[in-house]
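The chain contents come next:
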Amino acid sequence: MAYLWSDKITDYYYSNPELDTVAVMWTDPEDGLVREHYIKVDETDEQWRDFVAEVPYDKIDERTMVRNEEFREQFREAFRNYSETHVETEYVDRTKPFEDIFIDFVSTYNKEDSAQKEQLFKFKLKVFELDIVKNSKSDDKFKNAKAFIRKAENPVDVLLGYMVFANDAELKMADTEKFEVEGVYVPIK
Amino acid sequence: MAVRIPAKYDGTNIVEMTTGERTEWHAYIAYLYAQAPTVTLTVVSGSGTLTPGLTDTRMKAGAASQNSSAFVAEGSTAEPATVTGTAYDKITGPTYNTDGSAAGDLGAVGYPLYINGDSDLQVMTQADYVDTFIYATLDAMIAASETAATNGTYTIATAASVTNYTEVSGAGTAVFIDTRADTSAYAASGIPETLDQPTTVTSFFLQRQNRARAFPSAACLFADSNGDISQGPLAADDSTFNAALAVDIKFRAAEDDAGHKLSYNINGSGNTRGTAIVDTRLDGAGNYQTRQVSDDYRSQEFPNGSAAVIGTNTLKIVHV
């Protein structure tokens, strides 16, 4: 055994909107129970590197999206059931112009707001789904950019990370060991 | 001094040990260490010294609202709130047993043979022996990946019973218990529900590897004072050389002053051991429910959503 989860993984997914911790479910051969194991997303950590060598980032992203969609469907189902049994129903205001929604998200993002954190989480996953990101090379430049997006705490940083893939931007690292980013250089094209 | 590759007799020739065979020696030496570890962590009831302490949090229901003519709207019903539960500081250490001392020099022919650059057999010096057997084992012992070569060191698991490990408290005492609101315990028919209705999700246990002994498959070769070569014992703990291994691995683990002493910390430097310890909470905005009892209109918001990790702590092992 190298790790308790080695060769026994049954599921895995990011376990928070910050995408900084992965939950690994593994089946214990001793008792057949599925157990949880958590790994901090940390490129400098040996266990994390061993885990992504076995389960690539793309697979974790994919499984997280599927799992979140399952939860959303459960929520939608619960909402449908609720609306069928209640006369008064609240409707979401969808009349707000796109530009207002976008600028609100970017300029007034509040990382303490759980709804906005969920939006940021979905936004990151959308970026990871883009072909230009998904099919990027596996060199340090793009690996660091993906890590930067994962760790981003606001939508602007997510967009800056995306620029590395779309606009040949460069992450400037202040400390590679600790993954401290000094800034992002975006060339004018 | 340098790391040497011990020589062995393969049945036909004297050759260097393979990487796998040297790894078996590291595992054997780690086993010797595991018989009486000199760097220990213990589980205590509180005020443990391995910081930071960990606090369990969870969501609880908002207070119920009541009105005699209509339900209080969702926007005016109290939101679920965070409960700051038990603070856990149950790990103490690392504690160093410094009663030991280095094994004495085994002399000019006391250490194993290796094949030198001139293809001659040469006896390791004491410094070679320390580099080759003791420091190499201590290096293997701090790996994140847990094998027989990490015997005697600690890890965190979500099970109280793990093959090849001993639960440190001896009584199934978790070093952290992650609780969450038990959504199944809240029902509209029960409004006003008890606000805090937790359920245990995951318990985290401190485990020490206590794997059974496996002797190396390749024996070391030794010279004697007559210049003859003999093969060391393949299955014996009590040879002079093996006794020195047992003494030195315990001494260097706790008292080495050349950067190979073992240490543990939480969230500091080093390699992660076992699962990260996490505090999770439900992340929903509240499940608004109502109940009418004659002219008593009641509403309450229960915890809901999916579990999200709020805090992550990792046990690290490192050399100091």
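Residues numbered from 1 in each chain as written. Chains lettered and ligands numbered in written order. Predicted model: local features only at pLDDT ≥ 70, side-chain atom pairs only at ≥ 80, totals over all residues.

**Quick look at the overall build of chain B**
Tallying secondary structure elements over chain B gives three helices and 22 strands in all. For 320 residues, the compact-globule estimate of 2.2 N^0.38 gives 20 Å, and chain B exceeds it by more than 25% at 29 Å. Restricting the contact set of chain B to residue pairs at least 6 apart, pairs at least 24 apart contribute 78%. (Helix = DSSP H or I, 4+ residues; strand = E, 2+ residues; numbered from the N terminus. Rg over C-alpha atoms; globule rule 2.2 N^0.38 Å. Contact = placed C-beta atoms within 7 Å.)

**Notes on the nonpolar core**
Grouped together as the largest cluster of nonpolar side chains are 81 residues, with contacts concentrated most on V22 of chain A together with I29, A30, V175 and L206 of chain B. Broken down by element, this core gets its largest block of residues, nine residues, from helix 1 (residues 19-34) of chain B. In this structure L206 of chain B touches L41, V43, I91, Y154, I156, V168 and V175 of chain B, once residues within four positions along its chain are discounted. I149, A152, Y162 and V164 of chain A belong to the second-largest nonpolar core, a separate cluster that totals 13 residues. (Core = buried A, V, L, I, M, F, W, Y, C linked by C-beta atoms within 7 Å. Buried ≥ 20, exposed ≤ 12 C-beta atoms within 10 Å, placed from the backbone.)

**Topic: the sheet that holds strand 17 (residues 271-272) of chain B**
Residue and element names in this part refer to chain B. Judged by pairing direction, the sheet is antiparallel, and its three strands sit side by side in the order 16-22-17 without closing on themselves. Two strands close off the open sheet at either side, each with one partner strand: strand 16 (262-266) and strand 17. When strand 17 meets strand 22 (residues 315-319), the two strands line up antiparallel, connected through two bridges. In the strand pairing of strand 22, N271 is matched with I317. (Pairing = 2+ DSSP bridges.)

**Some points on the interface of chain A and chain B**
Chain A puts 23 residues into the contact, and the matching count from chain B is 23 residues. No other element matches the six residues that strand 3 (residues 34-40) of chain A contributes to the side of chain A that touches chain B. Of the residues in the side of chain A that touches chain B, the class split is nine nonpolar, six polar and eight charged. (Nonpolar A, V, L, I, M, F, W, Y, C, P; charged D, E, K, R; others polar.)

**Structural notes on the sheet that holds strand 5 (residues 65-67) of chain B**
All names here are of chain B. Read across the sheet, three strands follow the order 5-20-19 without closing on themselves; strand pairing throughout is antiparallel. Here the strands that pair on one side only, and so sit at the sheet edges, are strand 5 and strand 19 (287-293). With direction set aside, neighbouring strand axes in the sheet form an average angle of 20°. Across three bridges, the pairing between strand 5 and strand 20 (residues 296-302) is antiparallel. Looking at the pairing, Q66 lines up with R298 of strand 20. (Axes fitted to C-alpha atoms, helices over the stretch in contact; angles between N-to-C directions.)

Geometric descriptors of this kind do not, in isolation, establish any biological role.
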